[in-house]
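Inside the fold
One letter stands for each residue in the lines below.
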Amino acid sequence: MITRSSGKSRSDEVQAWYEQYGPALVAYACSILGDRGSAEDVLQQVFLKLLKGNIEVPGPAAKTYLFRAVRNTAFNLGQRNRRNVALDECQQWFEAPAELLHWSMKLESAIRGLPVEQSEVLTMKIWGEMTFDEIATVLEVPMNTVASRYRYAIAKLRELMQPIEVQK
Amino acid sequence: MNMKNDDEKFESFLREYRPRALEPLHIEQQERTRRRQFVFGSLVAAAAAALVVAMFTISNPSRWTHLPKDTEAPASAEQLINQQPLTIGKANALLARAPSVKAAVDQMAFKSQTTQLSKGKHSALAVLSQENIKL
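Notes on the structure in this doc start here. What you see is a predicted model, and the numbers here were worked out from it, not measured in a lab.

Attention now goes to the interface of chain B and chain A. If you look at the interface, chain B gives 16 residues, while chain A gives 26 residues. Going through the elements one at a time, α1 (2-15), β1 (18-19) and α2 (27-59) of chain B are the ones with two or more residues in the side of chain B that touches chain A. A per-element tally of the side of chain B that touches chain A places α1(B) first, with six residues. Partitioned by chemical class, the residues of the side of chain B that touches chain A number nine nonpolar, one polar and six charged. Two elements, strand β1 (residues 94-95) of chain A and β1(B), share two bridges in a ladder whose sense is antiparallel. When the sheet's bridge partners are listed, A:Glu95 is paired in β1(B) with B:Arg18.

Quick look at the nonpolar core now. Residues and elements named next belong to chain A. Leu25, Tyr28, Ala29, Leu43, Val46, Leu66 and Val70 are the most contacted members of the largest nonpolar core, which totals 47 residues. Going through the elements one at a time, α1 (10-33), α2 (36-52), α3 (62-77), α5 (104-112), α6 (116-126), α7 (132-139) and α8 (143-160) are the ones with two or more residues in this core. Of the residues forming this core, the biggest block, twelve residues, is contributed by α1. In contact with valine 70, other than residues within four places in its own chain, are Leu25, Tyr28, Ala29, Val42, Leu43 and Val46.

Residue and element names in this part refer to chain A. Relative to each other, α7 and α8 sit at 105 degrees, their axes nearing to 8 Å. Taken together, α7 and α8 sit at an angle that is classed as roughly perpendicular. In this structure, α7 contributes Phe132, Asp133, Ile135, Ala136 and Leu139 to the contact, and α8 contributes Met143, Val146 and Ala147. Class assignment for the residues of the contact of α7 with α8 results in seven nonpolar, no polar and one charged.

The next thing to look at is the packing of α1(A) against α6(A). Residues and elements named next belong to chain A. The contact between α1 and α6 brings their axes to 9 Å, and the two run at 170 degrees. Compared by their axis directions, α1 and α6 come out roughly antiparallel. Only Val116, Ser119, Glu120, Thr123 and Met124 of α6 make contact with α1, whose side of the interface consists of Ala27, Tyr28, Ser31 and Ile32. A class-by-class count of the residues in the contact of α1 with α6 yields five nonpolar, three polar and one charged.

Residue and element names in this part refer to chain A. Here α1 spans only 29 Å end to end across 24 residues, well under the 34 Å set by a 1.5 Å rise per residue. At tyrosine 21, α1 shows its strongest bend, of approximately 60 degrees, with the proline proline 23 following within four residues. Phi turns positive, to about 90 degrees, at glycine 34, one or two residues after α1.

It is worth spelling out the environment of A:Ser31 at this point. Residues and elements named next belong to chain A. When you line up the elements, serine 31 lands in helix α1. Here the alpha-carbon distance between serine 31 and leucine 114, two residues 83 residues apart in the chain, equals 9.0 Å. Once residues lying within four places of it in the same chain are set aside, the contact partners of serine 31 are Ile111, Ser119, Glu120 and Thr123.

The rules behind the values
Residues numbered from 1 in each chain as written. Chains lettered and ligands numbered in written order. Predicted model: local features only at pLDDT ≥ 70, side-chain atom pairs only at ≥ 80, totals over all residues. Contact = placed C-beta atoms within 7 Å. Helix = DSSP H or I, 4+ residues; strand = E, 2+ residues; numbered from the N terminus. Nonpolar A, V, L, I, M, F, W, Y, C, P; charged D, E, K, R; others polar. Pairing = 2+ DSSP bridges. Core = buried A, V, L, I, M, F, W, Y, C linked by C-beta atoms within 7 Å. Buried ≥ 20, exposed ≤ 12 C-beta atoms within 10 Å, placed from the backbone. Axes fitted to C-alpha atoms, helices over the stretch in contact; angles between N-to-C directions. Parallel < 35°, antiparallel > 145°, perpendicular 65-115°, else oblique. Expected span 1.5 Å × (residues − 1). Bend = angle between axes of the 7 residues up to and from the residue.

Below you can see the structure in the form of structure tokens.
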């Protein structure tokens with residue numbers, strides 16, 4: 001049983017987590033499920049459970065707890081066919097400066113092209129701004145495994161995004 | 001070393017893409033929905049309880065009148081008051097028929113003695129009232 005120590009009201013605390021980690025969590029769920037609609041559903045489920053349930057989360061470990069909860073919920077929902085998801089502009093995962101916006105769909109497509117084990121590590125590291133240690137806690141794997149998955153992910157993504165990187 | 005720099009540059013490039021913002025979490029709406037569900041549940045429970053009580057009352061009417069077996073035959077309030085002696089059973093029956101408890105008690109408390117004495121017998125109270133007692 002995890003315990004909560006802050007004096008904030010429950011809904012304020014959950015609201016603060018949603019605002020702080022929500023975008024990164026939904027990107028993470030996208031990396032598992034392949035589409036933003038399902039990813040947002042997962043996030044709703046997790047946060048509603050936090051609001052309704054008697055689950056208590058410690059402030060410092062909230063981030064890893066939330067990523068783990070999103071991961072479990074996403075895997076329970078079942079991975080969809082990530083590579084064949086229709087690319088809809090309304091369902092884009094990322095925002096970017098105007099000059100890069102054109103390439104965001106390419107980036108999403110490239111992330112979908114990675115194995116889930118690599119894409120989830122990449123998402124947690126880059127957009128979740130997590131350390132290898134934190135990622136290892138979420139995934140319950142050794143830190144070296146996380147580091148090597150990340151290196152493979154970066155190498156493959158660079159390969160897939162090479163033309164964009166050259167232009168930049 | 002060069003490879004590491006390239007990776008760092010690529011990571012910086014990736015970080016220029018930010019995950020899209022989310023719609024606000026509708027906590028209030030959720031709470032309102034929960035409150036509405038609670039009120040609806042309470043109403044359903046109250047209706048079910050009322051239905052059960054009504055069905056029970058209809059199927060067992062004698063349990064709710066508190067009439068003892070000897071007074072189950074139809075009898076008016078007047079008849080019950082005139083019957084002597086006034087037993088607990090009769091008092092119960094009177095209470096069950098009276099419009100209010102106060103009315104029933106008033107009827108019992110202030111009802112004059114209506115028992116007729118047989119010929120040749122006198123009420124002790126009447127005899128005593130006729131005697132001249134010198135103190």
